[in-house]
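Chain and residue survey
Chain by chain, the residues:
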Amino acid sequence: MKKRALLSVSDKTGIVEFANGLIELGFEIVSTGGTAKTLSDAGVPNIRISDVTHFPECLDGRVKTLHPAVHAGLLAMRQNPEHMAQLEKLGIGTIDIVAVNLYPFKATILKPGVEFCDAVENIDIGGPTMIRAAAKNYQDVAVIVDPDDYAEVLGLLAGAGIDLAFKKRLTYKVFSHTAAYDALISNYLGKQLGIEFPDELTLSFTKKQDLRYGENPHQSGAFYADALPAPGSLSTAVQLQGKELSYNNINDAGGALDLLNEFSECACVAVKHANPCGASLAHIPFGASDSPLWAYRATYECDPVSIFGGIVAFNRTVDGETAAELTKIFLEIVIAPDFTPEALEIFKQKPNLRVLQIPELFKSLSMSGVRDMKKVYGGLLVQDKDDSLYNPEEMRVVTKCTPTKEQLARLKFAYAVVKHTKSNGIVVAGKTDDYQWTVVEGLEEDTMRRVSRELPVTIYQTVGIGGGQTNRIDAAKQALGRAGERARGAVMASDAYFPFPDCVEEAAKAGIAAIIQPGGSIRDQESIDMCDKHGIAMVFVGQRHFKH
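Conventions used here
- Residues numbered from 1 in each chain as written.
- Predicted model: local features only at pLDDT ≥ 70, side-chain atom pairs only at ≥ 80, totals over all residues.
- Heavy atoms only, no water.
- Axes fitted to C-alpha atoms, helices over the stretch in contact; angles between N-to-C directions.
- Helix = DSSP H or I, 4+ residues; strand = E, 2+ residues; numbered from the N terminus.
- Parallel < 35°, antiparallel > 145°, perpendicular 65-115°, else oblique.
- Left-handed = near helix turned anticlockwise from the far one by under 90°.
- Contact = heavy atoms within 4.5 Å.
- Nonpolar A, V, L, I, M, F, W, Y, C, P; charged D, E, K, R; others polar.
- 1 Å grid on protein atoms, 1.4 Å probe; cavity = no way out; pocket = protein on both sides within 12 Å on 5 of 7 lines; lining within 4 Å.
- Points joined across faces, edges and corners; volume = space filled by probe spheres on them.
- Polar contact = N/O pair within 3.5 Å; in protein donor to acceptor, adjacent residues only side chain to side chain.
- Phe/Tyr/Trp six-rings, centres within 6.5 Å; stacked < 30°, edge-to-face > 60°.
- Buried < 20%, exposed > 50% of the residue type's maximum accessible area, 1.4 Å probe, protein only.
- Lys NZ or Arg CZ within 6 Å of the ring centre and 35° of its normal.
- Salt bridge = Lys/Arg side-chain N within 4 Å of Asp/Glu carboxyl O.

1. Quick look at the packing of helix α16 (residues 472-483) against helix α17 (residues 502-510)
It is the contact of α16 with α17, at a shortest axis distance of 9 Å, that shows an interaxial angle of 15°. When the interaxial angle is binned, α16 and α17 end up roughly parallel. Relative to α17, α16 is oriented so that their crossing is right-handed. Contacts between α16 and α17 involve Arg472, Ile473, Ala476, Lys477 and Leu480 from the former and Asp502, Cys503, Glu506, Ala507 and Ala510 from the latter. Residue classes in the contact of α16 with α17 are distributed as 6 nonpolar, no polar and 4 charged.

2. Let's talk about the layout of surface pockets
Left-over empty space is what a probe sized like a water molecule reveals as it rolls over the atoms. By volume, the second largest pocket is sized at about 850 Å³. Lining the second largest pocket are 26 residues, with Ser176, His177, Ala180, Tyr181 and Thr206 sitting closest to its centre. Contributions of two or more residues to the lining of the second largest pocket are made by α6 (105-109), α10 (164-192) and β6 (205-211). The leading source of residues in the lining of the second largest pocket is α10, at 7 residues.

3. Remarks on the side chain of serine 280
Mapped onto the secondary structure, serine 280 falls in strand β10 (residues 275-283). Polar contacts involving the side chain of serine 280 include one to the main-chain carbonyl oxygen of alanine 295, which spans 2.5 Å. A distance of 2.8 Å separates a polar atom in the side chain of serine 280 from a polar atom in the side chain of threonine 299. For serine 280, the residues in contact, after removing those within four places along its chain, are Cys266, Ala267, Cys268, Ala295, Tyr296, Ala298, Thr299, Phe413, Ile459, Tyr460 and Gln461.

4. Section: the packing of aromatic side chains
Under the definition given, this model contains 11 aromatic pairs. An angle of 85° between the planes, with centres 5.7 Å apart, marks the rings of phenylalanine 105 and tyrosine 188 as edge-to-face. Of this pair, phenylalanine 105 sits in helix α6 while tyrosine 188 sits in helix α10; the two residues are 83 residues apart in sequence, bridging distant segments of the chain. Assigned by exposure class, phenylalanine 105 and tyrosine 188 land together as buried. Among the aromatic residues, those joined into a ring-pair cluster are Phe105, Phe116, Tyr181 and Tyr188. Positioned above the aromatic ring of phenylalanine 197, the side-chain terminus of arginine 371 is 5.2 Å from the ring centre.

5. Brief notes about the pattern of salt bridges
Enumeration over the complete set of coordinates arrives at 21 salt bridges. Ionic pairing is found between arginine 354 and glutamate 332, a salt bridge with its closest N-O pair at 2.6 Å. Taken together, the residues arginine 354 in strand β13 (residues 354-357) and glutamate 332 in the loop between α13 (320-326) and β12 (333-336) connect sequence positions 22 residues apart. When its relative accessible area of 3% is taken as the criterion, arginine 354 is described as buried. Three or more residues are tied together by salt bridges with common partners; here these are Asp146, Asp149 and Lys173.

If you want it as structure tokens, here you go:
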């Protein structure tokens, strides 16, 4: 009796060549639905599944392979005489090779506006049942779910045959495949039903790359991406040049992207060891090109020491002039939505510099529904993404002195940065109009000569950041110390309330003009009184931003 291969695939990549290869090795091909049509159109002889089951495909293709003639042929153990006798009595032949990949559920739910019923219709039933049955009988059946394995299977069949070790590897791939498939379905259904934290949490990730090592050289590591692409995330990045990303690179770059996502205006952030070491926001005059050059310069000025060996991220296209500035120091990574050809040419001078393009960075992305996860020994912590800054309606001035409109804008900027600073965190932010931008206003009608003028570029920039301290006063001293004289007239943000008035006292010594913090301490009044004593404006926003 000829050996049989059952082919039923949604991804038709390489299936014609695989079928022809099997036929050359003496196999009969059994196929279903669209696969049968693809093979027949290519002139590949195949037996329809209904000729094996003696039962027509029915219910719009919902029932094709769910039949004893298929599953007995997959599950019968060849070394078990009773199994083989039963097959002979029932007139059922064995199936020795199975190539199946499942209905495109992932592709379906990624379609904009997909209906629930359409998603459910693309949940495969027969496919998972077949490959699980074949994988259970791995000693006798080789089951392939990945088209990349076709060539190796044919090579082994043409030689000494498929050895048991390879069949076990194929079996592992089957159950990994079905587990990921079911996890996608489960998570989709949970989201549709508004189930925030399910009793059983099953996650699905796809390996993006192996890493040279983990956090340290003696640790191994890998980078896994969400099974469903997350817009604006590192898993969607295109690396244009440079060395492979490391574990620490990816971790730090993730922090940079989280902070950058706070801003829609032209912004630049620098991150070192998962903490911001500089950030700026450039208010570009109307009509000027949206270059991030001034934003980068302001970010660099915050802490020229810490930025060395760090990561710099932009939400605007990096041009040649900005690239020339970036290459003046050692950086690990530069991230932006796009790069001009001139910028990429300049970056070639630093071949080890990793240059990552993420087009979605042009806009702030909604983090609604996104989960933060942190592994602890023996478990997993899961929470909502910290996707808001504060409710403007809950902001209240608690001091006699009221912040100006401009100070309020700076306070908001500082609070966005401290939100992404390891707790305890303090951020000091300044403002400068020192930079000048040439704006082309138009053409003089009589001479057709271009008319331009210099306008100031308003920059909000961090001038001192203190993060990851075990007490708040040390974080304040660190931030104010880094700011130095730049703290005079600047504003200060704290990620949580002041337990004592000592932080305000330090701020007053440094010349801070306004403070933003969530409030909520039983000793809030002491900090308010200290602000009033020194003429500092302070606002409470009611929303804390611990980051551990």
